[in-house]
Amino acid sequence: MKNIISIANILGIFVISCCFQCLVYAQIQTETNTQLLLDSSQPTVLITGSNRGIGFAFVQHYSKNGWNVIATCRNPNKADDLQLLMKNSTNIFIEEMDVTDFEEINTLAQKYQGYPIDVLVNNAGILGNVPKQSFGNLDYDLFQTVMAVNAFGPLKVAEAFADSVAISNQKKIVTMTSGLGSFAIMGNFDRFFFYKMSKSAINMGVLTMNASLKSKGIIAALISPGMVDTKLLDESGYQGRNKISPEESVAGLVKIIAEISLDTMKKTRGRPTNFDEVILPW
Ligand SMILES: NC(=O)c1ccc[n+]([C@@H]2O[C@H](COP(=O)([O-])OP(=O)(O)OC[C@H]3O[C@@H](n4cnc5c(N)ncnc54)[C@H](OP(=O)(O)O)[C@@H]3O)[C@@H](O)[C@H]2O)c1
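Keep in mind that this is a model prediction, so the values were computed, not measured. (Residues numbered from 1 in each chain as written. Predicted model: local features only at pLDDT ≥ 70, side-chain atom pairs only at ≥ 80, totals over all residues.)

**Here's the deal with the site of the ligand**
Inclusion rule: Placing the C-beta atom from the backbone, one calls a residue near a molecule or strand if that atom lies within 6 Å of it. A run of DSSP states H or I qualifies as a helix once it reaches four residues; a run of E qualifies as a strand once it reaches two. Both are numbered from the N-terminal end. Residue polarity follows a fixed list, in which Ala, Val, Leu, Ile, Met, Phe, Trp, Tyr, Cys and Pro are nonpolar, Asp, Glu, Lys and Arg are charged, and the others, Gly among them, are polar.
Taken together, 27 residues surround the ligand, and among them G49, G53, G125, T230 and L232 come closest. Listing elements by their share of the shell around the ligand, those giving two or more residues are α2 (53-64) and α8 (231-236). Looking at the shell around the ligand residue by residue, the classes come out as 12 nonpolar, 11 polar and four charged.

Right, here's the structure in full:
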């Protein structure tokens, strides 16, 4: 009996030590892959919410154009389109990052510490349940969630990755806003309370961030995608005809991002630039 117990003990220790070695190996693999595969002769972009919609179209565009693409999303295992795209490319690095999970954001930023990120695209966003954000029926838990994703998330991601952006050539942080955050355009529109407020809040956040990051040579700018045929627009119940595809929107947005400079910032005075180059009012 004693012999059986001691054999079981030895087997147990062996299995635990194998598991530990596998874990260490996996960690080394991840770090080594990043070091080996990021092509330092090409610019690098990090995109949040990259598994579908406009974020995914950004991945497609930048990857096709030879950039290193750090495609972040909150659930890589379910990101089928992204996984498929990655299989046929050498320059896409899928990383898990929920923009409301500050620990996850810090861990990923640490992993990429010392690697230049030329363009950080704060794209992830949610609309939130529509009936729960109409006056008289406001759900304040939902308000916190929408603010966490659309307003706090982009700020935290920018803070965490600012050092990587600062050591890059292009030094740009772009954040996706919406015409719905504009006081002038949407002030009298009585729907989407939380979404509108979150986008107005991030507008001020980015403006202030731009002032904070000047000393590092980073430009923080606001971009807006137009009415894009995605799940988010679908959830809004929008039935209008002037929808565009994510690819059309991104074709305009990447041109705007490429042209961002101190001169364009003087022209916009920080206001969002729409995919068709129209400057949106505050
Ligand atoms: N579509 C339009 O007409 C329109 C207009 C103006 C502005 N925008 C803005 O454009 C951006 C992209 O929206 P979209 O139209 O492409 O919407 P979408 O198709 O619904 O995609 C939203 C993306 O954000 C991700 N996301 C949501 N919560 C997240 C979180 N906590 N952490 C990380 N990722 C998260 C989603 O990931 P999951 O799959 O995990 O949910 C998804 O990848 C948003 O900021 C949106 O406000 C869109």
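What follows continues from the structure just given.
**Focus on the packing of helix α5 (residues 140-166) against helix α7 (residues 193-213)**
Quick reminder of the rule: Convention adopted: a line fitted to C-alpha atoms gives each axis, helices being fitted over their contacting stretch, and angles between N-to-C directions are expressed from 0 to 180 degrees. Orientation is classified from the angle alone, with under 35 degrees giving roughly parallel, over 145 giving roughly antiparallel, 65 to 115 giving roughly perpendicular, and any other angle giving oblique. By definition, turning the near helix anticlockwise from the far helix through less than a right angle yields a left-handed crossing, and turning it clockwise yields a right-handed one. What counts as a contact here is a pair of residues whose C-beta atoms, placed from the backbone, lie within 7 Å.
Packing of α5 against α7 brings their axes to within 9 Å, and their N-to-C directions diverge by 15°. With respect to α7, the axis of α5 lies roughly parallel. As α5 runs across α7, the sense of the crossing is right-handed. Contact residues: L142, F143, V146, M147, N150, A151, P154, L155, A158 and A162 in α5; F194, Y195, S198, K199, A201, I202, G205, M209 and L213 in α7. Class assignment of the residues belonging to the contact of α5 with α7 gives a composition of 15 nonpolar, three polar and one charged.

**Let's talk about the sheet that holds strand β3 (residues 92-96)**
Let me state the cut-off plainly: At least two DSSP bridges between two strands are needed for those strands to be called paired.
Pairing is parallel across the open sheet formed by seven strands, whose spatial order is β3-β2-β1-β4-β5-β6-β7. Edge positions in the open sheet fall to β3 and β7 (273-274), since each of these has one partner strand only. Strand direction decides the pairing type here: strand β6 (residues 219-224) and β7, joined by two bridges, are parallel. Pairing of I223 across the sheet is with T273, part of β7. Sitting on the sheet, α5 touches β1 (44-47), β4 (119-122), β5 (172-176) and β6, and the angle it makes with β4 is about 175°. Lying on the sheet, α7 is in contact with β5 and β6; it crosses β6 at an angle near 155°.

**Focus on the environment of K199**
Along the polypeptide, K199 turns up in helix α7. For the pair K199 and G125, spaced 74 residues apart in the sequence, the C-alpha separation amounts to 9.6 Å. Apart from residues lying up to four places away in sequence, K199 is in contact with N150, T177, S178, L180 and G181.

**Let's talk about α5**
For the record, the criterion: For a helix, the expected span equals 1.5 Å multiplied by the residue count minus one. Bend, in this description, refers to the angle at a residue between axes fitted to the seven residues ending there and the seven starting there.
Helix length check: α5, at 27 residues, gives a terminal C-alpha distance of 37 Å against a target of 39 Å (1.5 Å per residue), a fit within 8%. The sharpest bend along α5 reaches about 45° and sits at A160.

**Let's talk about the confidence of the model for the protein chain**
Note the threshold: Residue-level confidence of the predictor, termed pLDDT, takes values from 0 up to 100.
Averaged over every residue, the pLDDT of the protein chain is 91; the share at 70 or more is 87%. A low-confidence stretch, residues 17-34 stays under pLDDT 50, and its non-local contacts, those more than four residues away or across chains, total two contacts.

**A word on the pairing of β5**
Sheet faces and side chains relate simply in a regular strand, where the side chains alternate between the two faces. This is how the line gets drawn: Residue burial here comes from a neighbour count, namely the number of other C-beta atoms, placed from the backbone, that lie within 10 Å of the residue's own C-beta, with 20 or more meaning buried, 12 or fewer meaning exposed, and in between meaning partly exposed. The handedness of a crossover follows from its direction of travel: if, with the strands pointing away from the viewer, the path from the first strand over the helix to the second runs clockwise, the crossover is right-handed.
Of all five residues that make up β5, five are buried, and the element is covered over most of its length. Judged from the four bridges that link them, β4 and β5 form a sheet pairing that is parallel. If you follow N122 over to β5, its bridge partner there is T175. At this point the chain moves from β4, through α5, to the parallel β5, and the crossover so formed is right-handed. Where β5 and β6 come together, five bridges link them in parallel fashion. Looking at the pairing, T175 lines up with L222 of β6.

**Description of the nonpolar core**
Here is the rule we go by: One nonpolar core equals one set of buried Ala, Val, Leu, Ile, Met, Phe, Trp, Tyr and Cys residues connected by C-beta atoms within 7 Å.
V59, L120 and F161 are the most contacted members of the largest nonpolar core, which has 62 residues in total. Broken down by element, the residue count for this core peaks at nine residues, all from α5.

**Some points on the packing of helix α4 (residues 102-111) against α5**
α5 packs onto α4 with a crossing angle of 25° between their chain directions and a minimal axis gap of 9 Å. Between α4 and α5, the crossing angle belongs to the class labelled roughly parallel. Crossing of α4 against α5: the hand is right-handed. Contacts between α4 and α5 involve F102, I105, N106 and A109 from the former and K156, V157, A160 and F161 from the latter.

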